[in-house]
Every structure is written in C-alpha cells, then in structure tokens.
Amino acid sequence: MKILVVEDEVRLAEYLKKGLSESGYVVDLAHDGIDGLHFAVEGTYDLIVLDVMLPGRDGFEVLAELRKQRRTPVLMLTARDAVEDKVKGLTGGADDYLVKPFSFSELAARVQALLRRGGGDRDGQMPTSLRMADLEVDLARRKATRAGKRLELTPKEFNLLVLLLRRRGVVLSRTVMAEQVWDINFDSDTNVVEVAVRRLRAKLDEPFEVKLIHTVRGMGYVMEERQE
C-alpha cells in the first residue's frame, strides 16, 4: 500500500517515512501544501498523512481541495489540541486526527485502522483483498494464503506480491519493481529484485503444482495463470 506524508518538519517527515517503510508501506513525502496537494491529486494513494500547519497552503486548504476530487482517507496531524481545530478537520473531510507529540505506535495503529475501514480512490473504493487462482491476499491485515495455507512473508515480500498481483498479466521490469517496492532508483549491480523474487517463489510457488510467478527473459516478471 502507498502512503503520502505531507509534513514540513523535515526530521519528523523522514522519521515517519522510515517507520512506515519498515512497516511495509511505500511512502512519498511532500514538505509544503502546494506539493502535497499536487501529489495527492495526481498520484494514487491508499492513505494521506496531512499536517495542518504547512507553508504554501495549510492542511485545511489542502483537504478542502482534495475532497473536491478524491476520497482518499486522510489522517491529520497538528500541534494544536483545540477542539475547534479537530471539528474543522473532521467536518472538512478528514478521517482521523492526531495531536503532536505522538508515538509512532499510535500513528501506525491509526493508519491500520483507516486502511481496514476502506475508502480510497481506486474506482471510488479501495479493495480490501486480491485473489488469483487459490491465492488470496488480505490487504488490511497484510495476510496472504494459498489453498488455505498461510504464507509467512516479510513486509517487502508482501509488497512485492501485491504489486505483481495488482498488475497481473503485465510484465514488470526490475526497474519498476525496485522503484515501487524499495523506493530506489535501480542499480544494475544490485540483485535485490532477483533475490526477493526467488524467496517469494519459494513460499508462493514451490510447495504448489501450479506456478503463478513467471520470468520473461530479458524483460522482467509477470504474475498470471498459465495453462500448461
């Protein structure tokens, strides 16, 4: 799942990105309201963490403009604990409100709750599960099963599986996979993609007769059901 963090305090923004990335999310950052609104409207996110006090345009303005076009869940952050600020944010379309200072564990719990609740902006509603053949992926609980058997995946393996499953039938290059899952510009000397795919296959495909992940030589990988 992909999250946008709009926060002008650079250290806090990097802290949130690190924590959320380690929890298995792909995270983009914006440090002012103008960039934040642009990313929120032009990109596709499962959740937006939005600070109230921002340069350019404040969080309330960003939220108001966003709600004209998107239903993406929004968790607002503020250093102010005034009741009127909370009311303004929630009535303006925010889905939750968190007052600074806060613990990362509390923010992570709020994020998980909002993602379970749904919303999102893919066809107006965020899917809660993905399926192919006997494979089922629960996006909210971050759980994958095949033929009813739980697959013990690391956060990166789970994200890689979701990417392949969302783009089923489409050949994904190593560059795209590196950018989407690891948020890095691909280095030809790095074999992180191959290693991750190999480990995912060991859990997803090797114990089962029907294979779902296929290599397209010279191009990348594709997830699809093939008639042997």
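Student: What's the story with the overall build of the protein chain in this structure? I'm lost.
Tutor: If you tally the helices and strands in the protein chain, you get eight helices and eleven strands. Taking all 228 residues of the protein chain together, the buried fraction comes to 47%. Across the protein chain, the fraction of contacts at a sequence separation of at least 24, relative to all contacts at a separation of at least 6, is 57%. As presented, the protein chain carries roughly 11,600 Å² of accessible surface, and 47% of it is formed by carbon and sulfur atoms.

Student: What should I look at first to understand the sheet that holds strand E1 (residues 2–6) in this one?
Tutor: Sheets are built from strands paired through backbone hydrogen bonds, the pairs being either parallel or antiparallel. With parallel pairing, the five strands of this open sheet are ordered in space as E2-E1-E3-E4-E5. With partners counted over all chains shown, the strands left at the sheet margins are strand E2 (26–30) and strand E5 (96–99), one partner each. Averaged over neighbouring strand pairs, the angle between their axes works out to 20° when direction is ignored. Pairing analysis gives four bridges linking E1 to strand E3 (residues 47–51), with the strands arranged parallel. Within E3, the position partnered with Val6 by the bridge is Leu50. Against the sheet, helix H1 (residues 10–22) contacts E1, E2 and strand E4 (74–78), and its axis sits at roughly 170° relative to E2.

Student: Sorry, what's going on with the environment of Ala40 here?
Tutor: By the element assignment, Ala40 lies in helix H2 (residues 33–42). Among the residues examined, Ala40 registers a relative accessible area of 3% and is labelled buried. Residues Ala40 and Val5 lie 35 residues apart in sequence; the distance between their C-alpha atoms is 9.6 Å. If we skip the residues at most four places from it in the chain, Ala40 touches Leu4, Tyr45, Ile48, Leu66 and Arg70.

Student: Can you walk me through the side chain of Asn159 in this structure?
Tutor: By the secondary structure assignment, Asn159 is in helix H6 (residues 155–166). Apart from the residues within four sequence positions on either side, Asn159 is in contact with Met1, Gly24, Tyr25, Arg142 and Val181.

Reading guide: rules and limits
Residues numbered from 1 in each chain as written. Predicted model: local features only at pLDDT ≥ 70, side-chain atom pairs only at ≥ 80, totals over all residues. Heavy atoms only, no water. Helix = DSSP H or I, 4+ residues; strand = E, 2+ residues; numbered from the N terminus. Buried < 20%, exposed > 50% of the residue type's maximum accessible area, 1.4 Å probe, protein only. Contact = heavy atoms within 4.5 Å. Areas by Shrake-Rupley, 256 points an atom, 1.4 Å probe, with all protein chains shown as cover. Pairing = 2+ DSSP bridges. Axes fitted to C-alpha atoms, helices over the stretch in contact; angles between N-to-C directions.

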